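Each chain is listed here by its residues.
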Amino acid sequence: MNKRAQFDKVSLSFETPKGRLKVVEDVSYDINDGDFIAVIGPSGCGKTTMMSMLAGFQKPTTGKVLFDGRPVAGPGPERGVIFQEYGVFPWLTVKQNIAFGLTLNANRVPTAERDATCDHYLGLMGLSDFANSYPKHLSGGMRQRLAIARAYAVKPQFLLMDEPFGALDAQTRSNMQNLLLKVLETEGKTVMLITHSVEEAIYLASRIVVVTARPARIKQIIDVPFGYPRDESIQERPEFAELRSHIRQLVMDEYRAQQAQMRPVSFSE
Amino acid sequence: MNGAGVRRFGLGLLPWFGAILLWYAVRWSGFVNVSLIPAPHQVAAKFFELLTREGLLIDIFASTRRVFLGVALGILVAVPVGFLLGWYRPARTFADPMINFFRALPPIALIPLVIVYFGVDELAKLVILFYASFFSGVIVMYEGVSQITPLYIRVAQTLGANQAEIFRKVIIPLTVPHILTALRVALGVAWATLVASELIAAQRGLGAMIQNASTYFLLDVIYVGIICIGLIALIMDLILRKITARLLVWQDRAIA
Ligand SMILES: Nc1ncnc2c1ncn2[C@@H]1O[C@H](COP(=O)(O)OP(=O)(O)OP(=O)(O)O)[C@@H](O)[C@H]1O
Ligand SMILES: [Mg+2]
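Residues numbered from 1 in each chain as written. Chains lettered and ligands numbered in written order. Predicted model: local features only at pLDDT ≥ 70, side-chain atom pairs only at ≥ 80, totals over all residues. Heavy atoms only, no water.

## As for the sheet that holds strand β8 (residues 190-194) of chain A
Strand pairing in a sheet relies on backbone hydrogen bonds, with the paired strands running either antiparallel or parallel. All names here are of chain A. Strands sit in the order β6-β7-β8-β3-β9-β10 across an open sheet of six strands; the sheet is mixed. Lying at the two open borders of the sheet, with one neighbouring strand each, are β6 (79-82) and β10 (218-223). Neighbouring strand axes in the sheet, compared pairwise and without regard to direction, differ in orientation by 15° on average. Of the strands in this sheet, β3 (36-40), β6, β7 (158-162), β8 and β9 (207-211) touch helix α1 (residues 47-55), which is tilted by about 155° from β7. (Pairing = 2+ DSSP bridges. Helix = DSSP H or I, 4+ residues; strand = E, 2+ residues; numbered from the N terminus. Axes fitted to C-alpha atoms, helices over the stretch in contact; angles between N-to-C directions. Contact = heavy atoms within 4.5 Å.)

## Side note on the coordination of the magnesium ion (ligand 2)
All names here are of chain A. For the magnesium ion (ligand 2), the protein coordination sphere consists of Thr48 (OG1) and Gln84 (OE1), at 1.9 to 2.3 Å. Note that Thr48 is positioned in helix α1 and Gln84 in the loop between β6 and α2 (94-99), a separation of 36 residues in sequence. Its relative accessible area of 35% is what places Thr48 among the partly exposed residues. The class for Gln84 is partly exposed, based on a relative accessible area of 33%. (Donors = N, O, S within 2.8 Å, 3.2 Å for Na, K, Ca; no water. Buried < 20%, exposed > 50% of the residue type's maximum accessible area, 1.4 Å probe, protein only.)

## Describing the domain arrangement of chain B
All names here are of chain B. With domains assigned, chain B is organised as domain 1 (1-34) and domain 2 (38-247). On a C-alpha basis, the centres of domain 1 and domain 2 stand 28 Å from each other. Between domain 1 and domain 2, the residue contacts involve six residues of the former and nine residues of the latter. The largest share of the area that domain 1 buries against domain 2 comes from Trp23, Tyr24 and Arg27, three residues that together contribute 83% of it. Connecting domain 1 to domain 2 are zero salt bridges. At the boundary of domain 1 and domain 2, one finds two residue pairs in polar contact (both at pLDDT 80 or more). Residues of the side of domain 1 that touches domain 2, tallied by class, amount to five nonpolar, no polar and one charged. (Domains from an automatic or database assignment. Buried area = accessible area lost by both parts, 1.4 Å probe. Salt bridge = Lys/Arg side-chain N within 4 Å of Asp/Glu carboxyl O. Polar contact = N/O pair within 3.5 Å; in protein donor to acceptor, adjacent residues only side chain to side chain. Nonpolar A, V, L, I, M, F, W, Y, C, P; charged D, E, K, R; others polar.)

## Focus: the domain arrangement of chain A
Residues and elements named next belong to chain A. Under the domain assignment used here, chain A contains domain 1 (1-78 + 157-165 + 188-269) and domain 2 (85-155). Summarising the inter-unit geometry, the C-alpha centres of domain 1 and domain 2 are found 27 Å apart. In this assembly, eight residues from domain 1 lie in contact with six residues from domain 2. Counting each side, the surface lost to burial between domain 1 and domain 2 is near 540 Å², with a carbon and sulfur contribution of 58%.

## A word on the packing of aromatic side chains
Following the criterion strictly, the structure yields 20 aromatic pairs over all chains and no others. On the numbers, 6.4 Å between centres and 70° between planes, the contact of A:Trp91 with B:Trp250 is edge-to-face. With one member in each of two chains, A:Trp91 in the loop between β6 and α2 and B:Trp250 in the segment after α10 (219-247) form a pair that bridges those chains. Each of the two residues, A:Trp91 as well as B:Trp250, counts as buried. With centroids separated by 5.3 Å and ring planes inclined at 20°, the aromatic side chains of B:Trp23 and B:Tyr223 adopt a geometry described as stacked. Here the residue B:Trp23 occupies a position in helix α1 (residues 3-29), and B:Tyr223 occupies one in helix α10, the gap between them amounting to 200 residues. Members of the aromatic cluster, connected to one another through ring pairs, are B:Phe101, B:Phe102, B:Phe130, B:Tyr131, B:Phe134 and B:Phe135. (Phe/Tyr/Trp six-rings, centres within 6.5 Å; stacked < 30°, edge-to-face > 60°.)

## Examining a nonpolar patch on the surface
Residue and element names in this part refer to chain B. Residues Phe9, Leu13, Trp16, Phe17, Ile227, Leu231, Leu234 and Leu238 make up a contiguous nonpolar surface patch of roughly 780 Å² in combined accessible area. Of all the elements in the fold, those that place two or more residues in the nonpolar patch are α1 and α10. Checked against the element boundaries, Leu238 lands in helix α10. (Patch = residues over 30% accessible without salt bridge, like charges linked within 9 Å, V, L, I, M, F, W, Y side chains within 5 Å. Areas by Shrake-Rupley, 256 points an atom, 1.4 Å probe, with all protein chains shown as cover.)

## Things to note about the nonpolar core
Nonpolar side chains in soluble globular proteins tend to be buried together. If you look at the biggest cluster of nonpolar residues, it comprises 140 residues, and the most contacted ones within it are A:Tyr29, A:Leu54, A:Tyr152, A:Met192, A:Ile208 and A:Ile247. Examining the composition of this core, we find that 11 residues originate from one element, helix α8 (residues 163-197) of chain B, more than from any other. Apart from residues lying up to four places away in sequence, A:Ile247 is in contact with A:Ile40, A:Val198, A:Ile202, A:Ile208, A:Val210 and A:Ile222. Core analysis: the second largest hydrophobic core is formed by 17 residues, B:Ile128, B:Val138, B:Tyr142 and B:Ala196 among them. (Core = buried A, V, L, I, M, F, W, Y, C linked by side-chain atoms within 4.5 Å.)

## Re the sheet that holds strand β2 (residues 19-32) of chain A
All names here are of chain A. Across the sheet, which stays open at both edges, the four strands sit in the order β2-β1-β4-β5 with antiparallel pairing between neighbours. The outermost strands of the open sheet, each flanked by one partner alone, are β2 and β5 (70-71). As defined by bridge partners, strand β4 (residues 62-67) adjoins β5 across two bridges and the pair is classed as antiparallel. Looking across to β5, one finds that Leu66 is bridged to Pro71.

## Topic: the interface of chain B and chain A
How big an interface is tends to be stated in terms of the accessible area lost upon association of its parts. Facing the 20 residues of chain B at the interface are 27 residues of chain A. When residues of chain B are sorted by the area they lose upon contact with chain A, B:Thr158, B:Leu159 and B:Trp250 head the list and together hold 33% of the total. Seen at the junction of chain B and chain A, the total is five residue pairs in polar contact (both at pLDDT 80 or more). Those elements that provide at least two residues to the side of chain B that touches chain A are α7 (151-158) and α8 of chain B. Broken down by element, the residue count for the side of chain B that touches chain A peaks at seven residues, all from α7(B). A class-by-class count of the residues in the side of chain B that touches chain A yields 11 nonpolar, five polar and four charged.

## Details of the site of ligand 1
Residues and elements named next belong to chain A. Taken together, the neighbourhood of ligand 1 is formed by 15 residues, with Ser43, Gly44, Thr48, Thr49 and Gln84 sitting nearest. Take Cys45: an N or O atom from its main chain is 3.2 Å from an oxygen atom of ligand 1. For ligand 1, an oxygen atom lies 3.3 Å from a polar atom in the side chain of Glu163. Considered on its own, ligand 1 offers 640 Å² of accessible surface; in the complex 66% of this is hidden by protein. Elements that contribute at least two residues to the shell around ligand 1 include exactly β1 (3-16), β2 and α1. In the shell around ligand 1, the residues fall into four nonpolar, eight polar and three charged. (Near = heavy atom within 4 Å.)

## Focus: the pattern of salt bridges
Residue and element names in this part refer to chain A. Counted according to the given criterion, the structure contains 21 salt bridges over all chains. Note that Arg217 and Glu25 form a salt bridge whose closest N and O atoms lie 3.2 Å from each other. With Arg217 in the loop between β9 and β10 and Glu25 in strand β2, this pair connects stretches of sequence that are 192 residues apart. You can call Arg217 partly exposed: its relative accessible area is 37%.

## Remarks on the pairing of β4(A)
Residues and elements named next belong to chain A. Here β1 pairs with β4 via five bridges, running antiparallel. When the bridges of β4 are listed, Ser11 appears paired with Thr62. From the end of β4 to the start of β5, which pair antiparallel, there are two residues, and Asp68 there has a positive phi angle of about 50°.

So this is what it looks like as structure tokens:
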């Protein structure tokens, strides 16, 4: 299989006023064409940092991050990113936000096609009634869906998604998950997804990378034994439950390790 | 106008009535020599006299034009300079002390030098107003620009924007609010500097009018001049605020 992205002995530290902060340590894995990688690990461990090296915003301190065999030099439209902070443009309306990528030289399309794409995603994301509203009038979950629509609209081959469904209610979340599976089925994308939900990771991913508390190291890489296309019925399968308890255990261990790292705070007088 | 609009208008008018009442009260209290405080109605009468017989409108026009030109030129230069300083940290480290040095100098202290280098004509007054507008505007610009978060630029990059597109479609919209604020601040500062700039042998203008009146101790004329300056500055600010509200409908503001 064709290797799309590679982490090769990657470490990254930040220089902070309090000294060097090791955030990613000796991480190696490959992401093949058509893979769906889910990354899971405790909050603050370095997942976003790991992803932003592949997105092109952060350079590894040591080791190499390759995309299509070449070291990542910077961001590019072939790697779509859905940011944890959404980053919807406040000065553009909902529709203009979705259209943004399609107005750029890199992926310019005729106006009619752009309108059609916008309407398509407005509908899918349940934002049609707000097409001409500014983001200040949207709820957190709506902003998140807007960020997703904007990224999907330019049809990147590789999607980097940083907790893309974190702000959504359970119902919308599962809609969005199914929508993502459908998009993958028709457009054949490669995905790296960061999530805190074990169920989401198993339901969507072909491989799950469990990372340790900071600095993020690879704790275990788990192959998910379900093929695509998938539907919600796999969540009833015994393998699903087994995998879930296994991964939960791993994540819980790391969560405890992280708690132990932190300075104990006493609230007793 | 709807009910809320009327109420807001009333609320804005109320302090003016209060100020006029206080003005009369001070006059009648007997603490101050009445000849030193012309009454509001006397000032109003003087206003109409100046307006109809002394060409007050010419003074208003002369001053407004000076302020307008000074601010326009000052902001025209302050926007790119402030932008560069806000955007490139080395530029800021390099120029910041210099800017703060010049900003601290009161324009009135520069008048003798301005006269030496630029003469006593219109140009000299413009230079003073330009100076005041530029340094107040440039600070607002670069403080604002340096606070633009990189997130939106990153988003645009991942969607495929090139440098020119990032500038046109992301940085400019994010800069507009700061340009408008710089404009408002500069306008305020320029009106405040007007009287000083008209110290330079001005024939007409509200500042010149005030200074001539002070030579002859015409207190009512001084009051008219001061109130005119305040009112015109207020009107310009209101217009600018309306424009701002129009251009920045997308902004999430705390005040309703
Ligand atoms: N630019 C930076 N400079 C210094 N420290 C940073 C920087 N970016 C992130 N960090 C630190 O790196 C660590 C990991 O951050 P990161 O955002 O990668 O965590 P995360 O795993 O994505 O967490 P979460 O699940 O809460 O989003 C944190 O301790 C954070 O304080
Ligand atoms: Mg994160």
